[in-house]
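# Survey of secondary and tertiary structure
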Amino acid sequence: MALSDGQVHVHNLFLWSMAVIYLFAFASLYHQLPGLYGDNGILPVAKDIVKSPPLEFSRLVHYVQHVKPTLLWVTQALKIDVQTGMDILALTGIALASCAIITRFARNIFVFGALWTLYLSLHSVGNVFLWFQWDALLLEAGFLTFIFAPIPLIMPARLHAQLASISMWPVKWLLFRLMFMTAIVKLQSGCQTWWKLTALQHLYETQGLPHFLGWYWHQMPNWFHSLTLLYALFTDLVTPWFFFAPTRGLRKFAFYNQVFLHVCYMLIGNYNFYNLLAIVLTLGLLDDRDLGYQTHSRTNSVLKSLIAKLFNVVVIGGLTGTTVWLFGVQYDEKAVFKFKAGLCCVPGSL
């Protein structure tokens, strides 16, 4: 049953997309397990697991709760080595994620609960190689996916529709915290290059995981780097507030800008599945009408539609103008952008 501004199909697309992210995560990790965590790997996991005594159920619960929350503790009871146990966890994750991609019936609370548990089990013993931002983000987004996934067979359609709409709110809140704090961390660092919009002149030389396209971006003129950074800060700092806007137009404006920004990130560096996962989170900004589905939503009058469009233009124009003024954007007769920040940050001032 389609509800007004319903998100039933959006929720299903979100679940499918999360399954794709899980597949990428488990598949990429599976091929790295022997070299990273195997018996002859860089950080063998077996030394942390095998040292423990044989586990009864009560002791197993204690180890999971107070030592490391991983299913690898049961490898001793199953009489298999830890490296094989990690392979089994990753392969099980690949299989479950593939099922969730193929069939809608598998996109349920049990499958996503298992996927989250499996990744947490690997993350808990992954040490520095699984301490990246995308790993933590996957665990948080995966937990939201798990607790709001439908219960198969017993959940009525009306309840599923209500759950779908409710579940997108914490997803939007997660995306808001992620993007807004991305900008705040930069500006609060006290580094003047963010305020003076010169940081991208050095980013491509110093980013952690560059690829060949980064070299071409680095050759762009300085005004282009400054304008690009200004757009990124605007998208990170301003558009997240549109996630909760009362008008659909502002939410879609935020959606398109967020997607475009993360596609640009993928073109300048390799951040694993981080940007893809962030794009998946932006699905919470859409409703079923944006996917081409008909709903029972009321049709607004011409006057209400006009007021909503005018409101959108005023808000977007006002905030864009404020951003341009704040960073002193100028356009001279030589068709070159110049920047002179109206505000600056000194260490400890924020």
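Look above for the structure.
What comes next concerns the included structure. (Residues numbered from 1 in each chain as written. Predicted model: local features only at pLDDT ≥ 70, side-chain atom pairs only at ≥ 80, totals over all residues. Heavy atoms only, no water.)

Moving on, we get to the packing of helix α1 (residues 8-30) against helix α5 (residues 82-102). Running from N to C, α1 and α5 cross one another at 155°; their axes reach a closest spacing of 8 Å. Classified by the angle between their axes, α1 and α5 sit roughly antiparallel to one another. For the crossing formed where α1 meets α5, the hand is left-handed. Mapping the contact onto sequence places W16, A19, V20, Y22, L23, F26, A27 and Y30 in α1 and D87, L89, A90, L91, G93, I94, A97, S98, A100 and I101 in α5. (Axes fitted to C-alpha atoms, helices over the stretch in contact; angles between N-to-C directions. Helix = DSSP H or I, 4+ residues; strand = E, 2+ residues; numbered from the N terminus. Parallel < 35°, antiparallel > 145°, perpendicular 65-115°, else oblique. Left-handed = near helix turned anticlockwise from the far one by under 90°. Contact = heavy atoms within 4.5 Å.)

Turning our eyes to something else, we now look at a nonpolar patch on the surface. Together, F105, F110, I151, L153 and I154 give the surface a local cluster of nonpolar side chains, amounting to about 610 Å² of exposed area. Summarising the element assignment, F105 is placed in the loop between α5 and α6 (109-125). For F105, a relative accessible area of 54% puts it in the exposed group. (Patch = residues over 30% accessible without salt bridge, like charges linked within 9 Å, V, L, I, M, F, W, Y side chains within 5 Å. Areas by Shrake-Rupley, 256 points an atom, 1.4 Å probe, with all protein chains shown as cover. Salt bridge = Lys/Arg side-chain N within 4 Å of Asp/Glu carboxyl O. Buried < 20%, exposed > 50% of the residue type's maximum accessible area, 1.4 Å probe, protein only.)

What follows concerns the side chain of N275. On the secondary structure map, N275 appears in helix α14 (residues 274-281). Dropping the residues within four chain positions of it, N275 is found in contact with H262, Y265 and M266.

The backbone phi angle of L197 is positive, close to 60°, even though this residue is not glycine. When you line up the elements, L197 lands in the loop between α9 (192-195) and α10 (200-206). Since its relative accessible area comes to 0%, L197 is described here as buried. Although it is not a glycine, N272 adopts a positive phi angle of roughly 55°. Of note, N272 is situated in the loop between α13 (248-268) and α14.

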